[in-house]
Amino acid sequence: MATQAKVSKTEDKDQQEAIEQIDEVQNEIDRLNEQASEEILKVEQKYNKLRQPHFQKRSELIAKIPNFWVTAFVNHPQVSALLNEDDEEVLQHLTKVEVQEFEDIKSGYKINFCFEDNNYFENKIISKEFHLNETGEPSSKSTVINWKPDKDLTKQPSPQKASKKRGHGEQQESFFSWFLDHTDAGADELGEVIKDDIWPNPLQYYLASEIDEEPSDGEEDRDGIPEEEEEDLPEEEGDGEGEEEDDG
């Protein structure tokens, strides 16, 4: 029994030493991960500056295409679900969308929506900002929208104006209510979608409806026969009608 107890103490000592060594190695891994994060941030800051002239040129070209941004939003599955008919009408006056990441990248970003004159509000630019303070606590703030009389879409909509996507007579909150929502800035899904999905390449969503409508090569028409081959098929004969009678 004494021998077994001695062996057990030896095993416990070996395990404790292994745990302490694993902890030392883990601390080294964590140190390298932290160093990598700092290096990655520096690279991201560098390329964020390099991308700016290209973003500017892209915005200038987009301005030549009517209804570019509203089309991109309507074609995006997550954003389109948030739009009612009035929202889409207002967004037809949206001339520019711009995402500005703060210089250090990690402290947040700002989304600007630029509008031409419209019948809904006075603002030329409506923005929403997302901040992350030194303690990592998220927050957000937005431009106050100066609605014209009886045009405030953030008030409860009438059933007649509800989105067709939600069913007849069912009320839907306006897209512009997003500018009033600061309850959970750290998990703002719409802001993240615009910044990380739409903004990097809005053209793919502008063209999405056209791509969906294009027929694939060799698209089959009726009875599984490609359209180009259908014209070459002989006409089908009638079911025994007009056939020559047998002699006799």
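As shown above, the structure is provided for reference.
Because the structure is predicted, anything quoted here is derived from the model rather than measured. (Residues numbered from 1 in each chain as written. Predicted model: local features only at pLDDT ≥ 70, side-chain atom pairs only at ≥ 80, totals over all residues. Heavy atoms only, no water.)

Caption draft 1: Expanded view of the packing of aromatic side chains. Following the criterion strictly, the structure yields 20 aromatic pairs and no others. One Lys or Arg, Lys151, reaches over the ring of Tyr120 and ends 5.2 Å from the middle of that ring. Directly above the ring of Tyr109 sits Lys195, whose terminal nitrogen or CZ lies 5.1 Å from the centroid. (Phe/Tyr/Trp six-rings, centres within 6.5 Å; stacked < 30°, edge-to-face > 60°. Lys NZ or Arg CZ within 6 Å of the ring centre and 35° of its normal.)

Caption draft 2: Representation of the pattern of salt bridges in the model. According to the stated counting rule, one finds seven salt bridges in the structure shown. Among the salt bridges present, the one from Arg51 reaches Glu44, with a minimum N-O distance of 2.7 Å. What makes Glu44 partly exposed here is its relative accessible area of 32%. Residue Glu129 is joined to Lys110 by a salt bridge in which the shortest nitrogen-to-oxygen separation is 3.8 Å. Of this pair, Glu129 sits in strand β3 (residues 125–132) while Lys110 sits in strand β2 (residues 108–115), and the two are 19 residues apart along the sequence. (Salt bridge = Lys/Arg side-chain N within 4 Å of Asp/Glu carboxyl O. Buried < 20%, exposed > 50% of the residue type's maximum accessible area, 1.4 Å probe, protein only. Helix = DSSP H or I, 4+ residues; strand = E, 2+ residues; numbered from the N terminus.)

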